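Tertiary structure, described
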Amino acid sequence: MIFLLGVVGSLWTLRVPHGTQVNIVQDGNVLYTFDLASAANQMFETEYEGRINTIQIENGRIRMLEAECPDQTCVHMGWLDSGVMPIVCLPNHLSIEHAEAGGDIDAVIR
């Protein structure tokens, strides 16, 4: 019983976004940052080597609406709903991910 509660709790933690801030990142550079709680409904495009990705923000959610890439995996991922699993378009070097609550530092090593 305790094991089952641990598994359910872990899955719930992975599914819950860690805030409403999201970053649109290309080649390691943050192109845009949005607070989905206050962002207006909109669509916009990003370009990489002549290929276009269309990103949609609607009702406090974000997704890759269209992409000029061969596999369309990023489009099929749907709305960003996990703080762990970003939406990624590998051919166009683009990702949509939840912003870290603590800023840009991932870890401190001594």
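Residues numbered from 1 in each chain as written. Predicted model: local features only at pLDDT ≥ 70, side-chain atom pairs only at ≥ 80, totals over all residues. Heavy atoms only, no water.

Some thoughts on the pairing of strand S3 (residues 42-48)
So the rule is basically this: For two strands to be treated as a pair, DSSP must find no fewer than two bridges joining them. Each helix corresponds to a stretch of at least 4 residues labelled H or I by DSSP, and each strand to a stretch of at least 2 residues labelled E; elements are numbered beginning at the N terminus.
Pairing of S3 with strand S4 (residues 51-58), which is carried by seven bridges, proceeds in the antiparallel orientation. Along S4, the bridge assignment pairs Phe44 with Ile55. Hairpin geometry of S3 and S4 is characterised by an intervening segment of two residues between the two adjacent antiparallel strands and by a positive phi of about 50° at Glu49.

A look at the sheet that holds strand S1 (residues 21-26)
Selection criterion: Axis definition: a line fit to C-alpha positions, over the contact stretch in the case of helices; interaxial angles, taken between N-to-C directions, run 0 to 180 degrees.
The sheet built from four strands is open, its strands ordered S2-S1-S7-S6 with antiparallel pairing. Of all the strands in the sheet, the pair left with one neighbour each is strand S2 (29-35) and strand S6 (87-89). Across this sheet, the average inter-strand angle for adjacent strands is 15°, counted without regard to direction. Here S1 pairs with strand S7 (residues 94-98) via five bridges, running antiparallel. Across the sheet, residue Ile24 finds its bridge partner in S7, namely Ile96.

What about the environment of Arg63?
Applicable threshold: With a 1.4 Å probe rolled over the protein chains alone, any residue whose accessible area is under 20% of its type maximum counts as buried; one over 50% counts as exposed, and the rest are partly exposed. We call two residues in contact when some of their heavy atoms are within 4.5 Å. Here a polar contact means two N or O atoms within 3.5 Å. Within protein one must be a hydrogen donor candidate and the other an acceptor candidate, and residues neighboring in sequence count only if both atoms are side-chain atoms.
Looking at where Arg63 falls in the secondary structure, it is placed in strand S5 (residues 61-67). Residue Arg63 is classed as partly exposed on the basis of its relative accessible area of 24%. In sequence terms Arg63 and Met77 are 14 residues apart; their C-alpha atoms lie 8.0 Å from each other. Here Arg63 is in contact with Thr54, Ile55, Gln56, Gly78, Trp79, Ile87 and Ile96, once residues within four sequence places are set aside. There is a polar contact of 2.7 Å between the side chain of Arg63 and the side chain of Gln56.

Details of the confidence of the model for the protein
Quick note on the threshold: Each residue carries a pLDDT value, the predictor's own confidence for that position, ranging from 0 to 100.
On average, residues of the protein carry a pLDDT of 83, and 75% of them reach 70 or more. Here residues 105-110 is a poorly scored stretch, pLDDT under 50, and it has zero contacts once near neighbours within four places are set aside; other chains count.

A few points about the packing of aromatic side chains
To be explicit about the condition: Classification of ring pairs rests on two measures: the distance between centres of Phe, Tyr or Trp rings, Trp counted by its six-membered ring, which must be within 6.5 Å, and the angle between planes, read as stacked under 30 degrees, edge-to-face over 60 and tilted in between. When the NZ atom of lysine or the CZ atom of arginine is within 6 Å of a ring's centre and also within 35 degrees of its normal, the charge is said to sit over that ring.
Tallying each qualifying case throughout the model produces three aromatic pairs. Ring centres of Tyr32 and Phe34 lie 6.1 Å apart, and the angle between their planes is 25°; this geometry places the pair in the stacked category. Ring pairing ties together the aromatic residues Tyr32, Phe34 and Phe44, which thus form one cluster. Seen from the ring of Trp79, Arg61 lies directly overhead, with NZ or CZ sitting 4.0 Å from the centre.

What about the sheet that holds S3?
Working definition: the strands of a sheet are paired by backbone hydrogen bonds and lie parallel or antiparallel to each other. Spatially, the three strands line up as an open sheet ordered S3-S4-S5, and their pairing is antiparallel. Pairing within the sheet leaves two strands with one partner each, and these edge strands are S3 and S5. Between one strand and the next, the sheet's axes are offset by a mean angle of 25°, whatever the strand orientation.

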